[in-house]
Amino acid sequence: MSDSSVNLSGRRTFLGGLLGAVGLVVTAAAAWPVWRFLAPQSGAGELEKIVIARGEVSLEQAHFFNFHGKPAVVLQVTPGQFAAFSAVCTHLGCVVKWVPEKQEFLCPCHAGRFSTEGKVLGGPPPKPLELLPVALVGDQLQVG
Ligand code: FES
């Protein structure tokens, strides 16, 4: 066997290995987004609780806050009894306002009205405000 045939065989082996490695990288790069889409996400659906000092929520008053990027509200309905809702109107998504003199929520967009329980009192909203779990732990309200 001549030097040139050994040299040529070595190049072919090297190029074959290089081509295989490049193929693996390209396949992995193409498969990664598919894997990320299909794989179950750890902790999916488990959002961190939002903590609000009890003193920030006065009796019969609403305290608006941000719940994982969306407006939300917590209300002290009776002494020591709290309720939390998404503040997003179920009609077309406007943010509701608290009307203390009427003890209800009003949507400024189309006059949808909601009770202190989040139920629809009037207007076009098709369903109640989304209820959020809230618990009083010591002097803190934990929402979520
Ligand atoms: S968006 Fe609230 S009533 Fe229409």
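Heads up: the structure comes first, above all this text.
Reading the values: the criteria
- Residues numbered from 1 in each chain as written.
- Predicted model: local features only at pLDDT ≥ 70, side-chain atom pairs only at ≥ 80, totals over all residues.
- Heavy atoms only, no water.
- Helix = DSSP H or I, 4+ residues; strand = E, 2+ residues; numbered from the N terminus.
- Buried < 20%, exposed > 50% of the residue type's maximum accessible area, 1.4 Å probe, protein only.
- Contact = heavy atoms within 4.5 Å.
- Areas by Shrake-Rupley, 256 points an atom, 1.4 Å probe, with all protein chains shown as cover.
- Polar contact = N/O pair within 3.5 Å; in protein donor to acceptor, adjacent residues only side chain to side chain.
- Pairing = 2+ DSSP bridges.
- Salt bridge = Lys/Arg side-chain N within 4 Å of Asp/Glu carboxyl O.

(A) Up close: the overall build of the protein. Check the secondary structure of the protein and you find one helix and 11 strands. Ordered by position from N to C terminus, the α and β elements of the protein give α-β-β-β-β-β-β-β-β-β-β-β. With 144 residues in all, the protein has 25% of them scored as buried. The contacts of the protein with a sequence gap of at least 6 include a subset with a gap of at least 24, amounting to 39%. Summed over all atoms, the accessible surface of the protein reaches about 9,600 Å², with 60% contributed by carbon and sulfur.

(B) Layout of the side chain of H63. Locating H63 in the fold gives a position in strand β2 (residues 62–67). A distance of 3.4 Å separates a polar atom in the side chain of H63 from a polar atom in the side chain of E56. With residues near it in sequence (within four places) discarded, H63 still touches I52, E56, V57, A72, V73 and V74.

(C) View of the side chain of E104. Mapped onto the fold, E104 is located in strand β6 (residues 104–106). Owing to a relative accessible area of 8%, E104 belongs among the buried residues under this scheme. Among the polar contacts made by the side chain of E104, one reaches the side chain of R113 at a distance of 2.7 Å. Once you skip the residues sitting within four places of it in the chain, E104 turns out to touch K97, W98, V99, R113, F114 and L121.

(D) Molecular detail of the pairing of strand β4 (residues 81–86). Taken across its six residues, β4 has five buried, putting it largely inside the fold. Here six bridges tie strand β3 (residues 70–78) to β4, and the two strands are oriented antiparallel to one another. Bridging from a neighbouring strand, A72 pairs with S86 of β4. Where β3 hands over to β4, the hairpin turn is made up of two residues, of which G80 adopts a positive phi near 85 degrees.

(E) Looking closely at the pattern of salt bridges. Enumeration over the complete set of coordinates arrives at two salt bridges. With a shortest N-O distance of 2.7 Å, R113 and E104 are connected by a salt bridge. You can call R113 partly exposed: its relative accessible area is 32%. Of the charged contacts, one joins K119 and E117 as a salt bridge, the two residues approaching to 3.6 Å between their closest N and O atoms.

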